[in-house]
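The chain contents come next:
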Amino acid sequence: MSSFLGEQTKQRPQTTVPNGKGKPTKRQYVRFAFYKLDPEWRRLSPEEQASQKQELVETIETFNRRMLLRPYTLMGTRSDVELLLWQIAESIEPFQELAAALVTTRMGSYLTLVVSYLSQTKRSIYEIRDNPNEDVERLIISPSEAKYLFVYPFVKTRSWYQMSLEQRQAMMDEHIRVGRKYPAVKLNTTYSFGLDDQEFVVAFETDEPSDFLDLVQELRETEASVYTLRDTPLYSGLRAGLAESLDALGGPKIAKPVSQDVQIQPSWTEVGSIADFGDGARKVIYHNGQQVALFNVGGRLYALNNRCSHARGPLSEGEVQVSPETCSVTCPWHYAKYDLATGEVVDGIASAPVATYSVDVRDGVIFVGNA
Ligand code: FES
């Protein structure tokens, strides 16, 4: 987990900043829009409910190319809101246009926007000593497949900002150390200074709500916590598809069963020239939306899911070992060891294998495909 503190600074006032490869990386705008459905809607006929849900889905899907939108259901976790649409875009306009489009739909007229947080990505002013690239990485939000999302607005006391950067960095170091103890919790930090009422909006993704609870409790004991003015309300959402998140609100189901939802995916992904991927090389590629770690070990190519089955550690950064019996990679986070050929766990804390992929070289070009 990364740190969630940071603030506006004179040193880095850019709208674009260089990334690790010297290319500019644009900052993104982020909106968390929480809705509640008027109970009157649940008295409509099932046919009308299904038709309205379908209309709403189609309206939202027209924004697919203009923003990344992740729906979450809060049915059963909060009383004041029921649906979250997490939106990420390159400018604010798509948020405004989506909001305007929603209210023109029939179901939209039953949805009350209860809370809306607007924010932007930004580099932290604090050094993240064990991952210097992290502040650049956090400019681009890339939601994970995690099942749960925890969102809250965050405001520091004014006395925090009166302290020197060195004093704050020391407290942040402690804060980051605590966060690193919970690698299964991924944080998305966004900034609201001047854009909205709070200073930050933080969104934690995880498959293990208990890890998040323990992390927050432990963070309360850090020195930096003394300088927190507000970090509530806290919204706990469950990830769902768009149709599923509307189905959770009531009415007949419109989400297709998973088996009908499967799309035809390309069976091979071109990776690049084998001439540029010699013995000892490794890289991360994307195949059918999955992060895949590709290794060249002694001229043999291996591909397996990059996310450790224990807590999603990056296997591409793990140590590779070769023995007469097996060729393995060790997760850098808690040292689970996987067989590179089969993805099976051969040692350590992980209890489930990771997926492996076929690798083919045709005319000097590497392709990765489903195993
Ligand atoms: S993330 Fe814990 S062993 Fe890999």
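Being a predicted model, the structure only gives us computed values, none of them experimental. Sequence positions are assigned chain by chain, starting from 1 and proceeding in written order. Where totals are concerned, whole chains, interfaces and linings use all residues; where local detail is concerned, this predicted model gives features only for residues with pLDDT of at least 70, and gives and counts side-chain atom pairs only at 80 or more. Excluded from the side-chain calculation are hydrogens and water; included are all heavy atoms of the structure.

### Side note on the packing of aromatic side chains
Thinking step 1. Two rings belonging to Phe, Tyr or Trp (six-membered ring only in the last case) form a pair when the distance between their centres is within 6.5 Å. Interplanar angles under 30 degrees mark stacking, angles over 60 mark edge-to-face geometry, and anything in between is tilted. Here the structure, examined in full by the defined rule, presents 14 aromatic pairs.
Thinking step 2. A ring pair is formed by Phe34 and Tyr117, whose centres lie 6.2 Å apart and whose planes are at 75°; its orientation type is edge-to-face. Residue Phe34 is located in strand E3 (residues 29-37), and its partner Tyr117 is located in strand E6 (residues 111-120); the two are separated by 83 residues in the primary sequence.
Thinking step 3. Here the aromatic rings of Trp160 and Tyr227 are separated by 5.6 Å at their centres, their planes lie at 55°, and the arrangement is tilted. Taken together, the residues span a long stretch of sequence, with Trp160 in helix H4 (residues 158-162) and Tyr227 in the loop between helix H6 (209-219) and strand E10 (228-230) at a distance of 67 residues. Of the two residues examined, Trp160 and Tyr227, each falls in the buried class.
Thinking step 4. Our definition puts a charge over a ring when NZ of Lys or CZ of Arg is within 6 Å of the ring centre and also within 35 degrees of the ring normal. Between the NZ or CZ atom of Arg362 and the centre of the ring of Trp268, over which it lies, the distance is 4.8 Å. The helix and strand labels rest on DSSP assignments: H or I over at least four residues marks a helix, E over at least two residues marks a strand, and numbering proceeds from the N terminus. Only protein chains enter the area calculation, which uses a 1.4 Å probe; residues under 20% of their type maximum are buried, those over 50% are exposed, and those in between are partly exposed.

### Thoughts on helix H2 (residues 93-103)
Thinking step 1. Turning to H2, its buried residues number three or more, namely Pro94, Phe95, Leu98, Ala101 and Leu102. Buried residues of H2 fall within an arc of 130° about the axis and therefore sit on the same side. Exposed and oriented more than 90 degrees from the buried face of H2 are Gln96 and Val103. Picture the helix axis, draw a direction to every C-beta atom, and the arc is the one those directions span.

### Quick notes on helix H5 (residues 165-180)
Thinking step 1. Under the convention used throughout, the expected extent of a helix is 1.5 Å for every residue step, that is, one less than its residue count. The end-to-end C-alpha separation of H5 is 22 Å, in line with the 22 Å expected for 16 residues at 1.5 Å each.
Thinking step 2. Residues of H5 that are buried: Arg168, Gln169, Met171, Met172, Asp173, His175, Ile176, Val178 and Gly179.
Thinking step 3. Should any heavy atoms of two residues lie within 4.5 Å, those residues are considered in contact. Of the surrounding secondary structure, the elements contacted by the buried residues of H5 are H4 and H6.

### Here's the deal with the environment of Pro209
Thinking step 1. Relative to the helices and strands, Pro209 resides in helix H6.
Thinking step 2. The exposure class of Pro209 is partly exposed, given its relative accessible area of 33%.
Thinking step 3. Distance from Pro209 to Ala184, taken between C-alpha atoms, is 9.8 Å for residues 25 residues apart in sequence.
Thinking step 4. Not counting chain neighbours up to four residues away, the residues in contact with Pro209 comprise Tyr148 and Phe150.

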